[in-house]
4 protein chains.
Amino acid sequence: MSFIYTGSIRTDLALEAHEAIHAKDRLAVSGVDTLTRSTPNTHITKVHISNDQGARRLGKPVGTYITIEAPKLRLGGHSIADEVGQVLAEELLELANLSNEATILVVGLGNWNATPDALGPRVVDSLMVTRHLFEYAPPELRGGLRSVAALAPGVLGLTGVETEEIVRGVVQHIRPDLVIAVDALAARNLQRVSTTVQLADSGIHPGSGVGNKRLGLTEASLGTRVIAIGVPTVVHASTLAADALELFCHTLIKQNAISPSKLQSALPTENQGKLLEQLLPARWEDLFVTPKEIDALIADMAHIVAGGLNAALHPGVDAGEGEHYLQ
Amino acid sequence: MSFIYTGSIRTDLALEAHEAIHAKDRLAVSGVDTLTRSTPNTHITKVHISNDQGARRLGKPVGTYITIEAPKLRLGGHSIADEVGQVLAEELLELANLSNEATILVVGLGNWNATPDALGPRVVDSLMVTRHLFEYAPPELRGGLRSVAALAPGVLGLTGVETEEIVRGVVQHIRPDLVIAVDALAARNLQRVSTTVQLADSGIHPGSGVGNKRLGLTEASLGTRVIAIGVPTVVHASTLAADALELFCHTLIKQNAISPSKLQSALPTENQGKLLEQLLPARWEDLFVTPKEIDALIADMAHIVAGGLNAALHPGVDAGEGEHYLQ
Amino acid sequence: MSFIYTGSIRTDLALEAHEAIHAKDRLAVSGVDTLTRSTPNTHITKVHISNDQGARRLGKPVGTYITIEAPKLRLGGHSIADEVGQVLAEELLELANLSNEATILVVGLGNWNATPDALGPRVVDSLMVTRHLFEYAPPELRGGLRSVAALAPGVLGLTGVETEEIVRGVVQHIRPDLVIAVDALAARNLQRVSTTVQLADSGIHPGSGVGNKRLGLTEASLGTRVIAIGVPTVVHASTLAADALELFCHTLIKQNAISPSKLQSALPTENQGKLLEQLLPARWEDLFVTPKEIDALIADMAHIVAGGLNAALHPGVDAGEGEHYLQ
Amino acid sequence: MSFIYTGSIRTDLALEAHEAIHAKDRLAVSGVDTLTRSTPNTHITKVHISNDQGARRLGKPVGTYITIEAPKLRLGGHSIADEVGQVLAEELLELANLSNEATILVVGLGNWNATPDALGPRVVDSLMVTRHLFEYAPPELRGGLRSVAALAPGVLGLTGVETEEIVRGVVQHIRPDLVIAVDALAARNLQRVSTTVQLADSGIHPGSGVGNKRLGLTEASLGTRVIAIGVPTVVHASTLAADALELFCHTLIKQNAISPSKLQSALPTENQGKLLEQLLPARWEDLFVTPKEIDALIADMAHIVAGGLNAALHPGVDAGEGEHYLQ
């Protein structure tokens, strides 16, 4: 039973959107299939949204969403990190189905100067970029390296140009076979911050991610397949507040201090809205909850994602060696 | 009336500590005096804690705490920013009472790489540093500039050396007349984030600020007067959660859904503790709420504080000109 | 009389190219007109190349090249810097002839991570960007601000995408009335490093600048007028070596140690080439001479250029106020 | 035979100082012993200066100077880099003779903001810092990690405090058993830029390095052993000019254009001084020659040095694994 209006719950993870629906209805969600597998330190869930009904329920476009969870990532040394990088490489290769001659454009979304939003640019900074080397070389001489270009287009406020406009222009000129868009995400659950990676073949949609995406990066808008890779780095403050209130309601009921029906009648959506208004200043478009160690977390996750991308995109690079090629 | 255990409320602003006590007791707090004044766009409050009783009540050491609030700072152009910089310069000069021959060491606390904690290093980066120019010049040739040195000692995790150890070593060698320590702070109220500056003549105390200060920077530890200048850049997530619950309790009572006494008996401190445990993962030492625009806010506030310091520390620099000398 | 092969002299300043020819021939160069004016601390030279003959002689495309020299810039305080910013704004406005409704794209060429090449990105970082604010606002409500977008496309090696490809894509989408390309340049004379600004209406041409420009940014390639703004930050090591040898030859002759004809016969071009090969390792594509203080010089010049651009592009910003709007 | 006054030759490498003397005299230099060894891709020379006579001849203090040269470093992949890191670790361990309980302070000299001088701060940034973890842990629980602290004190102009003052203060507080000072150096020969690492047990001396060291870091000044690790990143412009002239003289003689004696009589030291004055503007304290790719070179060399330090200082880290622990 849920007392607090879940409309206020915001998550970029299809897994969490699915959990929220599933927890409420305890029923399979029509148009949504899930599949899981595990490795020693990771748990992988594929949420496949196959039709509009599923898309509406989960609030995510039709597509495949792969979540790699590694709860021990924050504790462990570099062996867990290597494992996550390797799983990421495997899942990306399966999802992307790339020929050896493919050209890939990696777009690092987000803002260099705001630590929780800096994942994308940092991944781009560590990537093994090869397109400029191959322009005049025949594919057979590429030594197991695919043609990879990378771009960190910055944020709207810094440039006055929408990210989508920059990327669309570049895509039209270099005509890649695949765009991989890397972004920092908002999760619902703080436990998933910097322990989770999501891959999605539906691209980037307006309003998702930590940054200010007013437009999207999708096959429809770019004319090229787009795979999004995201790592949760924040939780919306409104999500945290709503979760606190929900837990509180259950505590009161467990203590027999109030009956469920009485509680529910005291909490119409408009009261909840007023409460949040008092709590969260209107002048902030968005408030985020983020751990103090966010700088180290972002550095670690950028390392893992860039290592996984190097290993996946360049078949000549050994799985365990992706890290060696970090720039 | 307060339902949620205020022990969980954490603020680095003496003003907010005073408000919390005052709101509860509606009485003057013994050992604490306050004084206010205004300029067109700022409101200045001096909280003077004169004895141990006041210090215990407010949870802050004996001393003078000056808060400059400028709620319109986020909306306005550079004229409000200039006004805040000028008020900061005036209040600092009155608090510091510096001779023209004084040597000042400005210490920028915090971590370059974590945006909400980067205020101190950024102020140091923009400061007009002159000590190296004056080493061999007589005071009468300094042209209205005081001898200013600056240091951004980084954070413990980056260096393995406590900030206090670094600063103490430098202080012993350069023997400044005053240490000014600039730091990012945690407020209770989100409205004060990046609209407020606090000056305090009691120095920096362990556990304060956004960073991980295990030791302090005080006259007792350094052998030199210390003035702390702080700007709130975050609110603790636990504060936000507690505030949400408090507001919620009042909403329930206003709706006659539950009586105050019943609510209070359902909420012993241990229940509240369990609730926060479920909500906030134990593995994070600290979780912060911070606006998405934190990079721009930190840049603006660093500009204002550095401009105010340049104008205050260098009498030959015109009030409105402090900004020109930003590095 | 010149002994050392002038083919090795490389400069991005039309002024220096003209000086070199003029010094040799002591005659007006056909197809090239020059015009000078002064302000208290600057000397402004307009070199106008009107036909192909002039272009061939100077090794620069047909167009107008304005050089602002301020030899005292390195010594002076902010008043000389302000004067240079103001002259830059005036000359840019005259050259650009912009309507109030014009949209301008500023492109900061060069590489953030290599200090002597970082001028362009730093200027972009300090610019007053407004295009995103105006997208839905009618021109009459823009309050004296033009629509300005900015882009720092990085360097080829970082992204695998030619700068020209990125810029062309963005230009096609936002269709600006003018592109302003800011770049770090190589001068012939060390005295001009960081004391000089060049404006040119012929755009950016392959091989110019400190960075690795293999393609150009011109009206022909972009379909939009391009004004280039450049500041010399380096001298090629081969230029310095050649200048050292030239001076040496003149010293020997002055000392009557050798006759001009004997010297010349000992120095056919192939000997000079071997000499440089021994001196400058072949594996370096380019070696630069740059002052140790290059970080401070770049910061100062970026400040001046961005301040001048803010004042020129936004008519509502007072001449002396451009600096206030630096980000 | 040398025509150009070698007083103008500046190098921070003892190897090059020795080469210069040795080349001239073709005799053993009294008070100086050398020893060499090789690995597949490196050549290691130990220059041991044993008395004042040797120190005066080489212009370096008494001590041991180990130079690791790897000419193919710029061409090769990560295997040559790994080899250099491993050799560095071996030589450092032999020179340092550390107990497992030793505390080491690594000082990264130089200026973050000037690429050729940024080696020291970048190494510090990538180092595995452990001192803060061990403060309360007994040595037997340290798992093969020594207590390492690190400091990047910045440059004089940024802080107004001499580096030596900061380091001395910190050393007095944390009392390390060894200080390792990492710095960017000036070489005589461009071929050695970013292909060479020097270790020296005589510390850092005034005037050495790329930065502005007015004081030194030595056992005499700090009361602790100091090992300096340096990588050449620049050549002084005056060295390049002098080398150009020297080569030119030999070319003229080879061509029989002038006799050695005539050349020498035309070139008294005062003529050479005037020539350099005309060539190199007096207002620059120092002019450096540096490759355009300096940003990538510094990143690579910082990676190698930090990897070597991690492997040497932490015995529990496998030789090949030092890189994995890069931060």
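Below: a short report on this structure.

Parameters at a glance
Residues numbered from 1 in each chain as written. Chains lettered and ligands numbered in written order. Predicted model: local features only at pLDDT ≥ 70, side-chain atom pairs only at ≥ 80, totals over all residues. Heavy atoms only, no water. Helix = DSSP H or I, 4+ residues; strand = E, 2+ residues; numbered from the N terminus. Expected span 1.5 Å × (residues − 1). Buried < 20%, exposed > 50% of the residue type's maximum accessible area, 1.4 Å probe, protein only. Contact = heavy atoms within 4.5 Å. Buried area = accessible area lost by both parts, 1.4 Å probe. Polar contact = N/O pair within 3.5 Å; in protein donor to acceptor, adjacent residues only side chain to side chain. Nonpolar A, V, L, I, M, F, W, Y, C, P; charged D, E, K, R; others polar. Pairing = 2+ DSSP bridges. Phe/Tyr/Trp six-rings, centres within 6.5 Å; stacked < 30°, edge-to-face > 60°. Least-squares fit on C-alpha atoms with pLDDT ≥ 70 in both. Salt bridge = Lys/Arg side-chain N within 4 Å of Asp/Glu carboxyl O. Axes fitted to C-alpha atoms, helices over the stretch in contact; angles between N-to-C directions. Parallel < 35°, antiparallel > 145°, perpendicular 65-115°, else oblique. Left-handed = near helix turned anticlockwise from the far one by under 90°.

Here we come to helix α12 (residues 294–313) of chain D. Under the 1.5 Å per step criterion, the end-to-end length of α12 of chain D is 28 Å for 20 residues, consistent within 8% with the ideal 28 Å. With 16 of 20 residues buried, α12 of chain D is to be regarded as a mostly interior element.

So, on to the interface of chain A and chain B. Contact with chain A, which involves 53 residues of that partner, is made by 54 residues of chain B. Here chain A meets chain B over a buried area of about 4,600 Å², counting both sides, of which 67% is carbon and sulfur. Applying the counting criterion to the chain A and chain B interface returns nine residue pairs in polar contact (both at pLDDT 80 or more). Put simply, the parts of the chain that give the side of chain A that touches chain B at least two residues each are α9 (237–254), α10 (260–266), α11 (269–279), β9 (287–291) and α12 (294–313) of chain A. The dominant element in the side of chain A that touches chain B, judged by the number of residues it contributes, is α9 of chain A, at eleven residues. Taken together, the residues of the side of chain A that touches chain B sort by class into 29 nonpolar, 14 polar and ten charged. In this structure, β9 of chain A lies alongside strand β9 (residues 287–291) of chain B, joined through five bridges in antiparallel fashion.

This brings us to the environment of Thr239 of chain D. Residue position: Thr239 of chain D is located in helix α9 (residues 237–254). When the C-alpha positions of Thr239 of chain D and His250 of chain D are compared, they lie 17 Å apart, and in sequence the two are eleven residues distant.

What the rule picks out here adds up to two aromatic pairs over all chains. Judged by centre distance (5.7 Å) and plane angle (75 degrees), the rings of Phe248 of chain C and Phe248 of chain D are edge-to-face. Linking Phe248 of chain C in helix α9 (residues 237–254) with Phe248 of chain D in helix α9, this pair reaches from one chain into another. No difference in accessibility class separates Phe248 of chain C from Phe248 of chain D, as the two residues are buried.

Least-squares fitting of chain A to chain B yields an RMSD of 0.1 Å, with the transformation described by 0.1 Å of translation along the axis and a rotation of 180 degrees. Interpreted geometrically, this transformation is the action of a two-fold axis. Minimal C-alpha distance to the rotation axis in chain A is attained by Val289 of chain A, lying at 2.2 Å. Both copies contact each other with a shared surface, as 100% of the interface residues of chain A are interface residues in chain B too.

As enumerated under the stated definition, the model contains 50 salt bridges over all chains in all. With a shortest N-O distance of 3.0 Å, Arg10 of chain B and Asp286 of chain B are connected by a salt bridge. In this pair, Arg10 of chain B sits in the segment before α1 (14–25) while Asp286 of chain B sits in the loop between α11 (269–279) and β9, placing the two residues 276 residues apart along the sequence. The closest approach of N and O atoms between Arg192 of chain C and Glu69 of chain C, which form a salt bridge, is 2.8 Å. Linking Arg192 of chain C in the loop between β6 (178–187) and β7 (196–200) with Glu69 of chain C in strand β3 (residues 63–69), this pair joins segments that are 123 residues apart in sequence. Across the pair, Glu69 of chain C and Arg192 of chain C agree in class, each one buried.

Let us look at the pairing of strand β6 (residues 178–187) of chain B. All names here are of chain B. Counted residue by residue, β6 has ten buried out of ten residues, so it is predominantly covered. Residues Leu178, Ile180, Val182, Ala184 and Ala186 point to one face of β6 and Val179, Ala181, Asp183, Leu185 and Ala187 to the other, with burial holding for every one of them. Pairing between strand β4 (residues 103–108) and β6: five bridges, direction parallel. Bridged to Ile104 within β6 is Leu178. Relative to strand β8 (residues 225–236), β6 is paired through ten bridges, and the arrangement is parallel. Pairing of Ala187 across the sheet is with Val235, part of β8.

Turning our attention to the packing of α9 of chain C against α9 of chain D. Two numbers describe how α9 of chain C lies on α9 of chain D: the axes approach to 9 Å, and their chain directions differ by 55 degrees. Viewed along their axes, α9 of chain C and α9 of chain D adopt a mutual orientation that is oblique. Judged by the twist between their axes, the crossing of α9 of chain C over α9 of chain D is right-handed. Of the residues in α9 of chain D, those touching α9 of chain C at Ala237, Leu240, Ala241, Ala244, Leu245, Phe248, Cys249 and Leu252 of chain C are Ala237, Leu240, Ala241, Ala244, Leu245, Phe248, Cys249 and Leu252 of chain D.

Before going further, it helps to examine unusual backbone geometry. Non-glycine residue Asn97 of chain B carries a positive phi angle of around 50 degrees. Tracing the backbone through its elements, the reader meets Asn97 of chain B in the loop between α3 (78–96) and β4. Not every positive phi belongs to a glycine, and Asn256 of chain D is a case in point at roughly 55 degrees. Of note, Asn256 of chain D is situated in the loop between α9 and α10 (260–266). Of the residues examined, Asn256 of chain D reaches a relative accessible area of 64% and is grouped as exposed.

We now examine the environment of Phe288 of chain C. Along the chain, Phe288 of chain C turns up in strand β9 (residues 287–291). Residues Phe288 of chain C and Ala186 of chain C lie 102 residues apart in sequence; the distance between their C-alpha atoms is 8.5 Å. Those residues in contact with Phe288 of chain C, other than ones at most four positions away along the chain, are Val210, Val234, Val235, His236 and Ala237 of chain C together with Phe288, Val289, Thr290 and Lys292 of chain D.

In this structure, Thr103 of chain C sits in strand β4 (residues 103–108). We classify Thr103 of chain C as buried; its relative accessible area is 16%.

Moving on to helix α3 (residues 78–96) of chain D. All names here are of chain D. Here α3 is 19 residues long and its end C-alpha atoms lie 26 Å apart, about the 27 Å a rise of 1.5 Å per residue gives. Listing the buried residues of α3 in full gives Ile80, Ala81, Glu83, Val84, Gly85, Val87, Leu88, Ala89, Glu91, Leu92, Leu95 and Ala96. The first or second residue beyond α3 is Asn97, which carries a positive phi of 50 degrees.

Okay, the pairing of β4 of chain C next. β4 of chain C sits mainly inside the fold: six of its six residues count as buried. Burial of the side chains of β4 of chain C extends over both faces: Thr103, Leu105 and Val107 of chain C are buried on one face and Ile104, Val106 and Gly108 of chain C on the other.

By themselves, these observations are geometric and do not establish any function.
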